[in-house]
Amino acid sequence: MSVLYSDDDGFFISHQMFISKLYDTILSKTQNGVYLYEHFFHINNPFVRDKHQVETSAETNIVKRKRKRPPFEEDEISKKIRTFISNLKSRTDIFTIAPKILDNNICARHASIKFYENTSALKTFYGQNPNPNLHTANGYVFPPKCQFYCDNVFNMKNLGDEKYDMILLDPPWTNKYIKRKKKIKRDEGYTMMDDQDLAQLPINQFLTSNGLVCVWCTNSQNHIDSLKSVLFPIWNVKYVACWYWIKVTEYGEFVCNFAPGTGKQPYERILFGRKIDCDTKINNPEENKFIASIPSSVHSHKPPLSEILIPYLPPRPKCLELFARYLLPNWTSYGLEALKFQHKFLYENSDLENCNHKSNIKCNENII
């Protein structure tokens, strides 16, 4: 449903296509209309700040003088990533080949602003859709056979005696960028967790004996080391692999340049751990595989991994996502924002209806 290309090195997936197919039966698109969710993925240029953002940051005295970084020396992973994307461009017709639009992703950024303006803090809310069809209720849309707990993950006792074949986590890692956002009261600022907090999560308690743990991780070496040497052992899992999510534009460009040291990279990592006492012959994820996709303009909006992880799980697995922000069919989702992307207005015809980058129709800057 979302995998557009795969080979031994990795995958190209479309988050937008996944959503379009999953919610097709309820979308109220007109011939020229586009629903709001689709606009998040109209990323036609690498990410840069526009003039307004720079001025706003300067007014709040948040921006520091940019320090001179050492020259970037390409490592083995960055070389392999470049080769993977180059091969995608030469072997597929995934990327747009029409003349490039230079509008600094105005449509996607405006859609993100509208999203934050119309989604407020969520109340504690538990529920499920046990049916094989989509269901709408109370202004939300629920995919088939999903279960959710819109609640703090430290209340995981609500799961009872359930055991899961896979637990996926997207922790709110400590992050300097987010600290700056919180200072200027931007909506994408969130409460961060340190390693001690994450260590308290009873992951081992809810894993089957052959369970797989997948963790979205930043490129901070401290976070990577902590996950491998501290959190995984506490959760009774052993490290098996690291994958890379590569973020590209509609034209196949990296969303930002590769950077030296702790600089921002055009990729994020997913670290995998398998239960220590695993006694099955089920395959483990291979080391250094790549997932490429056009990212969302909404901060930390991760692509779905449910399809590409099938080979590493038993038939009809039970899967749990912690710190979830949207629901998946046949999954249990747990987190304070588990329904964040389930608001019905995201799947209805929006007032951004003239945006169609692949047809070279530019967004109007006054659309919102």
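Look above for the structure.
This text gives an overview of the structure that appears in the document. Quick caveat, the model's predicted, so the values are computed rather than measured. By convention here, each chain's residues receive numbers from 1 onward along its written sequence. This being a predicted model, a pLDDT of at least 70 is required before a residue's local features are given, and a value of 80 or more before pairs of side-chain atoms are given or counted; all residues contribute to the totals for chains, interfaces and linings. Hydrogens and water are ignored here; the side-chain numbers use all heavy atoms of the structure.

## Some words on the overall build of the protein
The helix and strand tally for the protein stands at nine helices and 13 strands. Here's how the labels work: a residue is buried when its accessible area is under 20% of the maximum for its type, exposed when over 50%, partly exposed in between, all with a 1.4 Å probe on protein chains only. Per-residue burial over the protein gives 50% buried out of 368 residues. Sequence-distant contacts in the protein: of pairs separated by 6 or more residues, those separated by 24 or more amount to 75%. In the form shown here, the protein has an accessible surface area of approximately 18400 Å², with 47% of it arising from carbon and sulfur atoms. Working definition: helices are DSSP H or I runs of at least four residues, strands are E runs of at least two. Numbering for both runs from the N terminus. Here, two residues are considered to be in contact whenever any of their heavy atoms come within 4.5 Å of each other. Here the accessible surface of atoms and residues is derived via Shrake-Rupley with a 1.4 Å probe, and residues count as covered only by protein chains that are part of the display.

## Remarks on empty space enclosed by the protein
Residues are called lining when one of their atoms sits within 4 Å of a cavity or pocket point, these points coming from a 1 Å grid over the protein atoms alone, where a cavity is a set in which a 1.4 Å probe fits but cannot get out and a pocket is an open set with protein on both sides within 12 Å along at least five of seven lines. Grid points are joined across faces, edges and corners, and a volume is the space filled by probe spheres set on the points. Scanning all chains against the criterion turns up one cavity of 30 Å³ or more. Approximately 110 Å³ is the volume found for the largest cavity. Just so you know the grouping, Ala, Val, Leu, Ile, Met, Phe, Trp, Tyr, Cys and Pro go in nonpolar, Asp, Glu, Lys and Arg go in charged, and all remaining residues, Gly too, go in polar. Residue classes in the lining of the largest cavity are distributed as nine nonpolar, two polar and four charged.

## As for the nonpolar core
Leu 169, Trp 235 and Leu 322 are the most contacted members of the largest nonpolar core, which totals 49 residues. With five residues, helix H4 (residues 76–91) is the largest single contributor of residues to this core. Apart from residues lying up to four places away in sequence, Leu 322 is in contact with Val 153, Met 156, Ile 167, Leu 168, Leu 169, Asp 170, Ile 203 and Tyr 334. Residues belong to a common nonpolar core when they are buried Ala, Val, Leu, Ile, Met, Phe, Trp, Tyr or Cys residues joined through side-chain atoms within 4.5 Å. Counting 40 residues, the second-largest nonpolar core is a separate cluster that includes Phe 41, Trp 245, Cys 319 and Phe 341.

## As for the side chain of Ser 296
Mapped onto the elements of the fold, Ser 296 is located in the loop between strand S11 (290–293) and strand S12 (319–322). With relative accessibility at 8%, the residue Ser 296 sits in the buried group. Think of a polar contact as two N or O atoms within 3.5 Å of one another; within protein, one of them needs to be a possible hydrogen donor and the other a possible acceptor, and neighboring residues in sequence only count if both atoms come from side chains. A distance of 3.0 Å separates a polar atom in the side chain of Ser 296 from the backbone nitrogen of Val 298. Among the polar contacts listed, one links the side chain of Ser 296 to the side chain of His 301, at a separation of 2.8 Å. Apart from the residues within four sequence positions on either side, Ser 296 is in contact with Phe 40, Phe 41 and His 301.

## Things to note about H4
In an α-helix, one full turn covers 3.6 residues, which means residues spaced three or four apart are oriented alike. By this rule the span expected of a helix is its residue count minus one, scaled by 1.5 Å. Compared with the 22 Å implied by 1.5 Å per residue over 16 residues, the 22 Å span of H4 between its first and last C-alpha is a close match. Taken residue by residue, H4 has Ile 77, Ser 78, Ile 81, Phe 84, Ile 85 and Leu 88 as its buried positions. All buried residues of H4 fall inside an arc of 120 degrees around its axis, so they share one side. Seen from the open side of H4, the exposed residues pointing more than 90 degrees away from its buried face are Glu 76, Ser 90 and Arg 91. What the arc describes is the spread of directions from the helix axis to the C-beta atoms.

## Quick word on the pairing of S11
Alternating residues of S11 divide into Phe 290 and Ala 292 and Ile 291 and Ser 293, and every residue in both groups is buried. Two strands pair if DSSP finds at least two bridges between them. Pairing analysis gives three bridges linking strand S2 (residues 10–13) to S11, with the strands arranged parallel. Following the sheet pairing, Gly 10 is matched in S11 by Phe 290. Here four bridges tie strand S9 (residues 237–247) to S11, and the two strands are oriented parallel to one another. Bridging across to S11, Trp 245 finds its partner in Ile 291.

## Looking at the packing of aromatic side chains
Aromatic contacts are taken between Phe, Tyr and Trp rings whose centres are within 6.5 Å, Trp giving its six-membered ring; a plane angle under 30 degrees counts as stacked, one over 60 as edge-to-face, and the others as tilted. One pass over the structure, following the stated rule, counts 26 aromatic pairs. Relative to Phe 41, the ring of Tyr 37 lies with its centre 6.2 Å away and its plane at 20 degrees, an arrangement referred to as stacked. Here the aromatic rings of Phe 125 and Phe 148 are separated by 5.3 Å at their centres, their planes lie at 75 degrees, and the arrangement is edge-to-face. Residue Phe 125 is located in strand S3 (residues 125–129), and its partner Phe 148 is located in strand S6 (residues 146–150); the two are separated by 23 residues in the primary sequence. An aromatic cluster of three or more residues is present, and its members are Tyr 23, Tyr 37, Phe 40, Phe 41, Phe 115, Tyr 116, Phe 341 and Tyr 347. Should the NZ of a Lys or the CZ of an Arg lie within 6 Å of a ring centre and within 35 degrees of the ring normal, that charge is described as sitting over the ring. Sitting over the ring of Tyr 239, Lys 228 keeps its end group 4.3 Å from the ring centre. The side chain of Lys 318 reaches across the aromatic face of Tyr 164, ending 5.4 Å from its centre.

## Comments concerning unusual backbone geometry
Positive phi, close to 55 degrees, is recorded for Asn 138, a residue that is not glycine. Here Asn 138 shows up in the loop between strand S4 (135–137) and strand S5 (140–142). Phi is positive for Arg 316, which is not a glycine, with a value near 50 degrees. On the secondary structure map, Arg 316 appears in the loop between S11 and S12. Overall, Arg 316 belongs to the exposed group, its relative accessible area being 83%.

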